Amino acid sequence: MTTPAAVPDPADHDRLLIIDFGSQVTQLIARRLRELNVYCEIHPYQSVTEAFLSGFAPKAVIFSGGPDSVTRDGSPRPPRAVYDMGVPILGICYGQQVMMQDLGGEVISGHGTAEFGRAYVTPSEARLPLLDGWFSGGREQVWMSHGDHVSRLAPGFEVYGTSPNAPFAITADPSRNFYAVQFHPEVHHTPNGRTLYENFIRLAGFAGDWTMAAYREEAVQAIRDQVGRAKVICALSGGVDSSVAAALIHEAVGDQLTCVFVDHGLLRQDEAEEVVGMFRDHMNLHVIHAEEQDRFLTALEGVSDPEVKRKTIGKLFIDVFQHYADQIEGAEFLAQGTLYPDVIESVSFSGGPSVTIKSHHNVGGLPEKMGLKLVEPLRELFKDEVRALGRELGLPDSFIGRHPFPGPGLAIRCPGEITRQKLDILRKADAVYIDQIRRHGLYDEIWQAFVAILPVRTVGVMGDGRTYDYACALRAVTSVDGMTADYYPFSHDFLGETATRIINEVKGINRVTYDITSKPPGTIEWE
Ligand code: XMP
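These numbers were taken from a predicted model, which means no experiment stands behind them.

Engineer: Teacher, can you tell me more about the sheet that holds strand β16 (residues 373-375) here?
Structural biologist: Backbone hydrogen bonds are what pair the strands of a sheet, in a parallel or an antiparallel way. Ordered by their spatial adjacency, five strands build an open sheet running β14-β13-β12-β15-β16, and the pairing between neighbours is parallel. The strands lining the two open edges of the sheet, one partner per strand, are β14 (286-291) and β16. Across the sheet, the mean angle from the axis of one strand to that of its neighbour is 30 degrees, orientation sign disregarded. Pairing between strand β13 (residues 257-263) and β14: six bridges, direction parallel. Across the sheet, Val260 pairs through a bridge with Ile288, a residue of β14. In the packing of helix α5 (residues 212-227) onto the sheet, contacts are made with β12 (231-235), β15 (331-335) and β16, and the angle to β16 comes to roughly 165 degrees.

The structure is reproduced here in structure tokens:
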């Protein structure tokens, strides 16, 4: 197996392999294991061949759930060799059914076999070390989501737990360390699921050596090995990923790293000063502050179509970045804050190209254009691990916990034509809103919050006078990964107080609305 550049070599750690059969929640399995300091990788079942298995040399294997039915000919399978490796295996949902059928049991589908949502599992007589810490209250709540179920156990297996619709909810062959459960222990709605994973990795003998302190040390060495004496450039956005990548690379190669912070005039209040100040003054990084507001805002004049806005900004960003990077003589590497979820090749059952909802802004395409090699020291990490690594590296909590901010910035929070006047109003309203959220101690409960200024002016009355000013919308959502989101249920008091403050403190706004759309059908940003 090849190791991505500038990333600690996972071969130095005990490794767990997750074979993905296409479940919606496979990534959660990996996150639970990483929380337990176990290094794991997700690979789609199609790429897990016998040769892959022996190269990967897992210390344990987990089969994920999946949408298919094992009763269908040609349904996804692991290679037979996985059962002969002598390593513990845990099968979850579809993974349970696959294991059972592969090893000689039986699975049925059809009327009466389905079970979706919350269910309760009760234990059988026999004890199983996998269930240490379970059933102290007599039964355990679990999350089920299955159409088929096991109807006859494979030889060597026994049943250790039952739910009303899954007579074989927990099954195992302890002599081979094979475990198979019908429910999803990785989801939040199986409250004691973590204990099950803890037991599994204990039974598999993992050392629990995957920590961010260890990662930091190994990553620093890997970056030094990759980069040597060459120079590295990094587009610093002020977001958590590029910030942590920059801090890590700086620790590894010091002044060989130059960061470029492109100020496109679409940033929030005081943002440029905060980001540049922190990296330049507190962390001693070499940061070029590219003040290119005029260039971007001129290019955006008269543009109101969201995709044209995004494309205009994306293209200019690359031109500007390239212009500054060209001045750094001898730059051979481009640093990027790519995360593990971006590199996982997910199993797609729908096939076919997906529709582009929005053209996301990134610096993709630059490395080839400029002949640069990539340094991606976060490729192995999930977002919460990146935050932990950031703390390890001494980035302040206030910075690490910041809400995400999109590359095109305020442009996509200003539907219709962008003007400097609207941007100024928007920045002020946004600052008041975020201040309100912080004052009420809600910032960390919310995934992302911002104001959008609407292309509508409305009539109001202030004092004895008539006003004719802009309306704005407040947005606040909860989310795990930005893929789906729900609006945050502020109290009416909070909303009323915030509206009053915005209208009193921000000249140019006389009406405040609250956006209560979830995603889907909405998106988080307005454009
Ligand atoms: P949407 O609006 O698509 O946003 O629901 C999901 C998440 O992605 C962020 N976002 C972006 N991030 N470049 C980015 O770096 C972009 O072009 C971009 N567009 C949206 C958005 O803020 C939310 O967190």
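Now, onward.
Engineer: So what exactly am I meant to see when it comes to helix α9 (residues 306-326) here?
Structural biologist: Note on helix geometry: an α-helix contains 3.6 residues per turn, so any two residues three or four positions apart are oriented the same way. Taking 1.5 Å per residue as the helical rise, α9 with its 21 residues ought to reach 30 Å, and the 30 Å between its terminal C-alpha atoms agrees with that figure. Taking the backbone nitrogen of Glu307 as reference, a side-chain oxygen 3.0 Å away marks Asp305 as the first, capping residue of α9.

Engineer: Could you clarify how one ought to interpret the pattern of salt bridges in this entry?
Structural biologist: Oppositely charged side chains may form a pair once their charged atoms are brought near each other. Summed over the entire model, instances satisfying the criterion amount to 31 salt bridges. Of the charged contacts in the structure, one is a salt bridge between Glu274 and Arg402, with a shortest N-O distance of 3.8 Å. Of the two residues, Glu274 sits in helix α7 (residues 271-282) while Arg402 sits in the loop between α13 (397-400) and α14 (420-439), which places them 128 residues apart along the sequence. Relative accessible area serves as the criterion here: at 45%, Glu274 is assigned to the partly exposed category. Where Asp435 meets Arg439, a salt bridge forms, and the shortest distance between an N and an O atom there is 3.0 Å. Within this pair, Asp435 and its partner Arg439 are both found in helix α14, separated by four residues, close to a single helical turn. Exposure remark for Arg439: the relative accessible area of 59% places this residue in the exposed category.

Engineer: It is not clear to me how the layout of surface pockets should be interpreted in this structure. Could you clarify?
Structural biologist: Using a probe with the size of a water molecule, rolled over the atoms, empty space left in the structure can be pinpointed. Quantified by volume, the second largest pocket comes out at close to 480 Å³. In terms of lining, the second largest pocket is formed by 21 residues, of which the most central are Gln269, Glu274, Arg402, Ile434 and Arg438. At six residues, α14 tops the list of elements feeding residues into the lining of the second largest pocket. Here the lining of the second largest pocket is built from residues that sort into eight nonpolar, three polar and ten charged.

Engineer: Which parts of the structure should I look at to understand the nonpolar core?
Structural biologist: Across soluble globular proteins, you tend to see nonpolar side chains buried next to one another. Counting residues in hydrophobic clusters, the biggest one holds 53 residues, and the most contacted among them are Tyr433, Ile437 and Phe490. Other than its neighbours up to four places away in sequence, Ile437 contacts Leu442, Tyr443, Ile446, Ala449, Phe490 and Phe494. Counting residues in each nonpolar core, the second largest holds 47 residues, with Leu236, Val240, Ala247 and Leu339 among its members.

Engineer: Looking at this structure, I do not really get helix α6 (residues 240-253). What am I missing?
Structural biologist: In this model α6 runs 20 Å from its N-terminal to its C-terminal C-alpha over 14 residues, within 8% of the 20 Å that 1.5 Å per residue would give. Taking burial as the measure, the 14 residues of α6 include 13 buried ones, the bulk of the element. Positive phi appears at Gly254, one or two residues downstream of α6, with a value of about 50 degrees.

Engineer: Would you mind showing me how to read the site of the ligand here?
Structural biologist: Lys358, Gln448, Lys519, Ile524 and Glu525 are the nearest of the 15 residues found near the ligand. One of the side-chain N or O atoms of Arg310 is found 2.9 Å from an oxygen atom in the ligand. Gly407 has a polar backbone atom sitting 3.3 Å from a nitrogen atom of the ligand. Protein chains bury 84% of the 490 Å² of accessible surface belonging to the ligand in isolation. Of the residues belonging to the shell around the ligand, the class tally is five nonpolar, six polar and four charged.

Engineer: Could you clarify how one ought to interpret unusual backbone geometry in this entry?
Structural biologist: The peptide bond linking Lys519 to Pro520 adopts the cis configuration, its omega dihedral lying at -15 degrees. The topology assignment puts Pro520 in the segment after β20 (509-514). The residue after Pro520, namely Pro521, is reached through a cis peptide bond having omega 10 degrees. Secondary-structure assignment places Pro521 in the segment after β20. Positioned with a positive phi, Asn177 is a non-glycine residue whose angle comes to about 60 degrees.

Engineer: Quick question: what am I supposed to make of the packing of aromatic side chains here?
Structural biologist: Geometry of an aromatic ring pair is reported as the spacing of the ring centres plus the angle between the planes. Applying the stated rule across the entire model yields 18 aromatic pairs. Ring geometry for Phe52 versus Phe56: centroids 5.6 Å apart, planes at 25 degrees, classification stacked. Pair noted here: Phe52 and Phe56 are both in helix α2 (residues 50-56), with a separation of four residues, about one helical turn. Take Phe52 and Phe56: they sit in the same class, and that class is buried.

Rules used throughout
- Residues numbered from 1 in each chain as written.
- Predicted model: local features only at pLDDT ≥ 70, side-chain atom pairs only at ≥ 80, totals over all residues.
- Heavy atoms only, no water.
- Pairing = 2+ DSSP bridges.
- Helix = DSSP H or I, 4+ residues; strand = E, 2+ residues; numbered from the N terminus.
- Axes fitted to C-alpha atoms, helices over the stretch in contact; angles between N-to-C directions.
- Contact = heavy atoms within 4.5 Å.
- Expected span 1.5 Å × (residues − 1).
- Polar contact = N/O pair within 3.5 Å; in protein donor to acceptor, adjacent residues only side chain to side chain.
- Salt bridge = Lys/Arg side-chain N within 4 Å of Asp/Glu carboxyl O.
- Buried < 20%, exposed > 50% of the residue type's maximum accessible area, 1.4 Å probe, protein only.
- 1 Å grid on protein atoms, 1.4 Å probe; cavity = no way out; pocket = protein on both sides within 12 Å on 5 of 7 lines; lining within 4 Å.
- Points joined across faces, edges and corners; volume = space filled by probe spheres on them.
- Nonpolar A, V, L, I, M, F, W, Y, C, P; charged D, E, K, R; others polar.
- Core = buried A, V, L, I, M, F, W, Y, C linked by side-chain atoms within 4.5 Å.
- Near = heavy atom within 4 Å.
- Areas by Shrake-Rupley, 256 points an atom, 1.4 Å probe, with all protein chains shown as cover.
- Phe/Tyr/Trp six-rings, centres within 6.5 Å; stacked < 30°, edge-to-face > 60°.

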